[in-house]
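Summary of the model geometry
Read off the chains here:
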Amino acid sequence: MYLPPHDPHVDDPMRFKPLFRIHLMERKCATVECMYGHKGPHNGHIQIVKKDEFSTKCNQTDHHRMSGGRQEEFRTWLREEWGRTLEDIFHEHMQELILMKFIYTSQYDNCLTYRRIYLPPSRPDDLIKPGLFKGTYGSHGLEIVMLSFHGKKAKGTKITGDPNIPAGQQTVEIDLAHPLQLPDIENLRDFSELSRIVLEVQEQVRREEQEEEQRQEEGNCSQQAASQAASKPLEVEGAEGEETAAGAEGTTQNKAPASQPFVLPMGVISRNEDYPRTCRICFYGTGLIAGHGFTSPERTPGVFVLFDDDRFGFIWLELKSFSLYSRIKVSFQNAEAPSREAFDEMLKNIQLLAT
C-alpha cells in the first residue's frame with residue numbers, strides 16, 4: 001500500500017507499507033500471508049473476484065489487535081497515518097473527522113478488495129500531463145486524485161476518499177473553455193474581488209448552457225417538421241460553432257503568459273502555506289462538496305490554478321479553502337515486487353488451488 005505523505009507536505013514522497021505476500025512453491029503450491037498489524041506475518045487468503053479485481057482476507061485477525069485495546073490502536077494509527085499525536089490536534093472538528101476515518105478503515109482491516117487503476121491517456125494538446133496527484137483536503141489530510149482531460153473539460157477523480165466525498169467521485173471539474181484573468185496582486189488579496197470575477201463567469205457559463213439547451217430543442221423541433229435535407233444546414237452551422245469555440249479555446253491557452261504573480265486572498269484557508277507565488281494560467285471550475293456520508297452533494301464554483309507541470313491548486317470559493325496538488329512521481333514498484341504478468345500468474349495458480 002502506498003500512503004500519501006504526512007499532511008500537509010504534498011511534495012514529499014509516498015510512503016510504502018506491505019499488506020500481504022504470496023509464497024509460490026513447487027508444484028504450483030502457494031501460501032498467502034497477511035502483513036497487517038504489528039505482530040508479524042500470519043495466515044491469509046486471496047481470491048480473484050473478476051477481471052482486474054481481487055480480494056484478500058485475514059484468517060487471524062487477532063494479530064491486528066493490540067494489548068492496549070482500541071485506544072492504543074487508534075494512537076498507533078494516528079502516528080502512522082498523520083505523523084502526530086491526538087494531543088497535537090486541537091481543532092474539535094478535525095478530531096471528529098480523524099476518528100470517523102479510523103473507525104471506517106479499521107472495519108475493513110481483515111478483508112480488502114483491490115482494483116487495477118488505468119491511468120488516463122496523454123495527448124500532445126493536454127494542459128499538462130495527466131496522472132496521479134497528492135492533494136490537501138483541509139481537516140481530511142492528504143488524498144490521491146487522478147487528473148484527466150476530456151476535450152474542453154479536465155476532471156479530478158478521487159482515488160482515495162473521506163467521510164464526506166468517497167473514492168470514485170469527481171472532486172473537481174475544470175472548464176478549459178473559460179480561462180480567468182486574475183486581478184493584479186494587490187486586488188487579488190481581496191476575496192470579494194476574486195469572488196466577483198468567478199461568479200460572473202459562473203453566470204456566463206449558466207447562460208451558455210441554457211442557450212445550448214434551447215438550440216438543441218429548436219433543432220429537434222426542426223428535424224421533426226422538416227425533411228432530412230432541410231435539417232443539414234442546421235447541423236453544419238452547429239459544427240462550425242463548435243470548431244470556432246475550440247479554436248478560440250486553443251488561442252486563449254497559447255497566448256497565456258509564462259507566469260504571473262499569485263497570492264491567496266485574505267481569509268482563504270490553506271493547510272500548506274508553502275504554495276508557489278507564481279502561476280501560469282487559471283480557469284473557472286467547480287468542486288464537489290457534501291455532508292458526512294456523502295449527503296446533499298453539490299457542485300460549487302472555484303478557481304483552478306496551474307502552477308507548473310507538476311503542481312496545481314484549487315480555490316473552493318464557498319468553503320474559502322485552498323487545495324494544493326503535487327504530482328506522484330513514484331513508479332509504484334520495489335525490488336521485491338513481481339511484474340504484472342508474474343503477479344497475474346500467481347493469482348491464477350491460487351485460484352486453481354481454491355477450485
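About the thresholds
Residues numbered from 1 in each chain as written. Predicted model: local features only at pLDDT ≥ 70, side-chain atom pairs only at ≥ 80, totals over all residues. Heavy atoms only, no water. Helix = DSSP H or I, 4+ residues; strand = E, 2+ residues; numbered from the N terminus. Buried < 20%, exposed > 50% of the residue type's maximum accessible area, 1.4 Å probe, protein only. Contact = heavy atoms within 4.5 Å. Areas by Shrake-Rupley, 256 points an atom, 1.4 Å probe, with all protein chains shown as cover. Pairing = 2+ DSSP bridges. Axes fitted to C-alpha atoms, helices over the stretch in contact; angles between N-to-C directions. Patch = residues over 30% accessible without salt bridge, like charges linked within 9 Å, V, L, I, M, F, W, Y side chains within 5 Å. Salt bridge = Lys/Arg side-chain N within 4 Å of Asp/Glu carboxyl O. Lys, Arg positive; Asp, Glu negative; His and termini not counted. Charge placed at Lys NZ, Arg CZ, Asp CG, Glu CD. Expected span 1.5 Å × (residues − 1). Arc of directions from axis to C-beta. Polar contact = N/O pair within 3.5 Å; in protein donor to acceptor, adjacent residues only side chain to side chain. Phe/Tyr/Trp six-rings, centres within 6.5 Å; stacked < 30°, edge-to-face > 60°. Lys NZ or Arg CZ within 6 Å of the ring centre and 35° of its normal. pLDDT = per-residue confidence, 0-100.

1. Quick notes on the overall build of the chain
Counting secondary structure elements, the chain contains 6 helices and 18 strands. The buried share of the chain, taken over its 355 residues, is 39%. Sequence separation of at least 24 residues holds for 53% of the intrachain contacts in the chain that already meet a minimum separation of 6. Entry remark: accessible area of the chain is about 20,300 Å², with carbon and sulfur atoms responsible for 52%.

2. A word on the sheet that holds strand 7 (residues 111-115)
The strand order 3-4-5-6-7 describes an open sheet built from 5 strands, whose pairing is antiparallel. Of all strands in the sheet, those with a lone pairing partner are strand 3 (20-24) and strand 7, marking the two edges. Averaged over all pairs of adjacent strands, the angle between their axes in this sheet comes to 35°, without regard to strand direction. Relative to strand 5 (residues 42-50), strand 4 (residues 30-34) runs antiparallel, the two being bridged by 2 bridges. Each bridged residue has a counterpart across the sheet, and for Glu-33 the counterpart in strand 5 is Asn-43.

3. A look at a negative patch on the surface
On the surface, Glu-208, Glu-209, Glu-211, Glu-213, Glu-217 and Glu-218 cluster together to form a negatively charged patch. Looking at the element boundaries, Glu-208 is found in helix 4 (residues 191-225).

4. Description of helix 2 (residues 92-106)
Helical geometry note: an α-helix holds 3.6 residues per turn, so side chains three or four residues apart project in the same direction. Between the first and last C-alpha of helix 2 there are 21 Å, a value that for 15 residues agrees with the 21 Å anticipated at 1.5 Å per step. Within the span of helix 2, buried status applies to Met-94, Leu-97, Ile-98, Lys-101, Phe-102 and Ser-106. Projection of helix 2 onto a plane perpendicular to its axis shows the buried side chains occupying an angular sector of 155°, all on one side. Among the exposed residues of helix 2, those oriented more than 90 degrees off its buried face are Glu-92 and Tyr-104. Tucked into the core, helix 2 has its buried residues touching helix 1 (69-82).

5. Some details on the side chain of His-140
In this fold, His-140 is placed in the loop between strand 8 (131-136) and strand 9 (142-150). Judged by relative accessible area, which is 13%, His-140 ranks as buried. Within the local environment of His-140, its side chain forms a polar contact with the side chain of Asn-164, the two groups lying 3.0 Å apart.

6. Looking at the packing of aromatic side chains
Counted according to the given criterion, the structure contains 18 aromatic pairs. Ring centres of Phe-20 and Phe-54 lie 6.0 Å apart, and the angle between their planes is 75°; on these two criteria the pair is classed as edge-to-face. A residue pair is termed long-range when its members are at least 10 positions apart, and Phe-20 in strand 3 and Phe-54 in strand 6 (residues 53-58) qualify at 34 residues. By the ring-pair criterion, three or more aromatic residues cluster together here, those being Phe-133, Tyr-137, Phe-283, Phe-304, Phe-312, Phe-314, Trp-316 and Tyr-325. Positioned above the aromatic ring of Tyr-36, the side-chain terminus of Lys-17 is 5.1 Å from the ring centre. In this structure, Arg-277 is placed above the aromatic ring of Tyr-275, and the distance from its NZ or CZ to the ring centre is 3.8 Å.

7. A closer look at the pattern of salt bridges
Per the stated rule, a full pass over the model turns up 22 salt bridges. The partner of Arg-21 in a salt bridge is Glu-33, with the nearest N and O atoms 2.6 Å apart. A residue pair is termed long-range when its members are at least 10 positions apart, and Arg-21 in strand 3 and Glu-33 in strand 4 qualify at 12 residues. When its relative accessible area of 35% is taken as the criterion, Arg-21 is described as partly exposed.

8. What about the pairing of strand 17 (residues 311-316)?
A large share of strand 17 lies buried, amounting to 5 of its 6 residues. In the sheet, strand 16 (residues 295-306) pairs with strand 17 via 5 bridges, with the strands oriented antiparallel. In the strand pairing of strand 17, Gly-302 is matched with Trp-316. Two successive antiparallel strands, strand 17 and strand 18 (residues 321-327), enclose a turn made up of 4 residues, where Lys-320 displays a positive phi of approximately 50°.

9. Some words on the confidence of the model for the chain
When pLDDT is averaged across the chain, the result is 83; 83% of the residues are at 70 or more. Within the model, pLDDT remains below 50 along residues 231-255, and this stretch shows 14 contacts once partners closer than five positions in the same chain are excluded.

10. Let's talk about unusual backbone geometry
Omega for the bond connecting Asp-7 with Pro-8 falls within 30 degrees of zero, at 5°, which places this linkage in the cis form. With respect to the element layout, Pro-8 can be found in the loop between strand 1 (2-3) and strand 2 (15-16). For Asp-52, which is not a glycine, the phi torsion comes out positive at approximately 65°. Mapped onto the fold, Asp-52 is located in the loop between strand 5 and strand 6. Its identity as a non-glycine residue notwithstanding, Lys-320 has a phi of 50°, on the positive side. Considering the arrangement of structural elements, one finds Lys-320 in the loop between strand 17 and strand 18. Judged by relative accessible area, which is 37%, Lys-320 ranks as partly exposed.

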